[in-house]
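An overview of the molecular structure
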Amino acid sequence: MPRPLHATIRGGALRHNLGVARRHAAGAEIWAVVKANGYGHGLERTVRALGEADGFAMLDFQEAARLRSAGVRKPILLLEGIFQPADVPALCELDLTPVIHSAEQLAMLGAARLDRPLDVYLKINTGMNRLGLPVGDVRAAWNTLAAHPGVRSVTLMTHFADADGREGVAEQLACFERAAQGLQAARCVANSAALLRYPEARGDWVRPGIMLYGCSPFPDQDAVVLGLQPAMTLSSEIIGVQRLRRGDRVGYGFTYAAKSDTTLGVVACGYGDGYPRHAPTGTPVLVAGQRATTVGRVSMDLLCVDLTAVPAARVGTPVTLWGDGLSADEVAAHAGTVSYQLLCGLAPRVPVVEAP
Ligand SMILES: *Cc1c(COP(=O)(O)O)cnc(C)c1O
């Protein structure tokens, strides 16, 4: 028998969430962000389910090539653009849309002859100080690109640092609008958080990622309230039961001691599968659909749960680590991280089951 741990990916949930994004997009076109192997859901599988998107955004030339081989004809946006001059021919060959975010990239593109006209994104640093040209350099860069015979169109983009947080987007959006003023170009600014919360940050294209997978970008608003459905459910079973007496301890480091006589379920799932090792005692899990909590340290292949709330549980009882009925957002919050990391950290050893 195979180990009972597996991830179920629901194509219907991906499609549903794309519909939610579509409603918020108010006519803007949608780049479905499928970087990091479709946030851990599998690149080809995700793109197939999100076939109604207007394009796909990712990082990697090889992944883009895989999509082209799989017959994907829609635009593909490379969020980090090119890394070396030799990448330019591949852009043309695969018909990719690069983000140009630095003077170095601009020079590489400028020095190249393009065999095929390219659409290009010009990324502006509006305050996040990660990727993007300084506001003062935008006009010159735009002129350079507009004058390049191989460049078909230039879209202006930026990325928000705190669309999911207290600051929101106002300051960066104002900065973007100043930088873009007078330039006849399409615009692309919104990630999931901006798409869901800031209708003023729309433009011509939007770039939702996490919401498509059914998780919330916001620490203070959960996915159900946003109308999203989890696309990934990580499921396993109890494979061992221990009867603890008060004071008995559990797991590596003996970090947990039973406060009373307790039945303990041992679940086939650990950090080697992508479950967060830092999830402390008290992290929620579903056992036979009922909420229970982890106890002790998560180990590589196993974790332990207190079965007090589920007295009927035994070996073979199903366990949900996250997904249907228990959001990855909630599990992530207990572990001091975000659902993004849980989803894209799903280990390759975990078998994936596709569901409608
Ligand atoms: C990852 C990414 C997105 C998507 O962000 P979500 O928070 O997952 O919606 C959008 N734009 C850029 C530039 C990104 O790197």
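Residues numbered from 1 in each chain as written. Predicted model: local features only at pLDDT ≥ 70, side-chain atom pairs only at ≥ 80, totals over all residues. Heavy atoms only, no water.

Of regular secondary structure, the chain possesses 11 helices and 19 strands. Once the C-alpha set of the chain is aligned to its principal axes, its extents read approximately 75 × 40 × 35 Å. Relative to its 356 residues, the chain shows a buried fraction of 53%. Surface summary for the chain: the accessible area is close to 15900 Å², and the carbon and sulfur share equals 52%. With 34 positive and 33 negative side-chain charges, the chain shows a spacing of 4 Å between the two charge centroids. (Helix = DSSP H or I, 4+ residues; strand = E, 2+ residues; numbered from the N terminus. Buried < 20%, exposed > 50% of the residue type's maximum accessible area, 1.4 Å probe, protein only. Areas by Shrake-Rupley, 256 points an atom, 1.4 Å probe, with all protein chains shown as cover. Lys, Arg positive; Asp, Glu negative; His and termini not counted. Charge placed at Lys NZ, Arg CZ, Asp CG, Glu CD.)

Time to look at the state of the cysteines. Tallying each qualifying case throughout the model produces zero disulfides. With no disulfide of its own, Cys-175 has Cys-188 as its nearest cysteine by sulfur position, at a separation of 16 Å. Overall, Cys-175 belongs to the buried group, its relative accessible area being 12%. Between Cys-344, a free cysteine, and Cys-215, which holds the nearest cysteine sulfur, the sulfur-to-sulfur gap is 11 Å. Judged by relative accessible area, which is 39%, Cys-344 ranks as partly exposed. (Disulfide = S-S within 2.5 Å.)

Attention shifts here to the side chain of Ser-192. Take Ser-192: it is sitting in helix α9 (residues 192-197). Look at Ser-192 and you get buried, because its relative accessible area is 2%. Side-chain polar atoms of Ser-192 contact the backbone nitrogen of Ile-210, separated by 3.4 Å. With residues near it in sequence (within four places) discarded, Ser-192 still touches Arg-207, Pro-208, Gly-209, Ile-210, Met-211 and Pro-217. (Polar contact = N/O pair within 3.5 Å; in protein donor to acceptor, adjacent residues only side chain to side chain. Contact = heavy atoms within 4.5 Å.)

Within soluble globular proteins, side chains that are nonpolar generally end up buried alongside one another. Core analysis: the largest hydrophobic core is formed by 119 residues, its most contacted members being Phe-56, Leu-109, Leu-122, Tyr-275, Val-287, Leu-321 and Trp-322. Both of domain 1 (11-213) and domain 2 (232-355) provide at least three residues apiece to this core. Beyond its immediate chain neighbours, meaning those up to four positions away, Leu-321 contacts Leu-5, Leu-234, Ser-235, Ser-236, Cys-269, Tyr-275, Pro-284, Val-285, Leu-303, Leu-326 and Val-331. Ranked by size, the runner-up nonpolar core spans eight residues in total, among them Val-250, Ala-258, Leu-264 and Cys-304. (Core = buried A, V, L, I, M, F, W, Y, C linked by side-chain atoms within 4.5 Å. Domains from an automatic or database assignment.)

Quick look at the site of the ligand now. Around the ligand, the structure places 13 residues, and the nearest of them are Lys-35, Tyr-39, Ser-192, Ile-210 and Tyr-340. One of the side-chain nitrogen or oxygen atoms of Lys-35 is found 2.6 Å away from an oxygen atom of the ligand. In this structure, an oxygen atom belonging to the ligand sits 2.5 Å away from a side-chain N or O atom of Tyr-39. Calculation on the ligand without its partners gives an accessible area of 390 Å², and the protein chains cover 92% of this total. Tallied by class, the residues present in the shell around the ligand amount to six nonpolar, four polar and three charged. (Near = heavy atom within 4 Å. Nonpolar A, V, L, I, M, F, W, Y, C, P; charged D, E, K, R; others polar.)

Before going further, it helps to examine the environment of Ala-335. Looking at the secondary structure, you find Ala-335 in the loop between α10 (328-334) and α11 (339-344). The sequence separation of Ala-335 and Pro-318 amounts to 17 residues, and the corresponding C-alpha distance is 22 Å. Setting aside its immediate chain neighbours within four residues, Ala-335 contacts Pro-276, His-278, Ala-279 and Pro-280.

For Ala-36, which is not glycine, the phi torsion reads 50° and is therefore positive. Along the polypeptide, Ala-36 turns up in helix α2 (residues 35-39). According to the relative accessible area criterion, Ala-36 is partly exposed, its value standing at 40%. Not every positive phi belongs to a glycine, and Asn-129 is a case in point at roughly 60°. The exposed category is assigned to Asn-129, whose relative accessible area is 59%.

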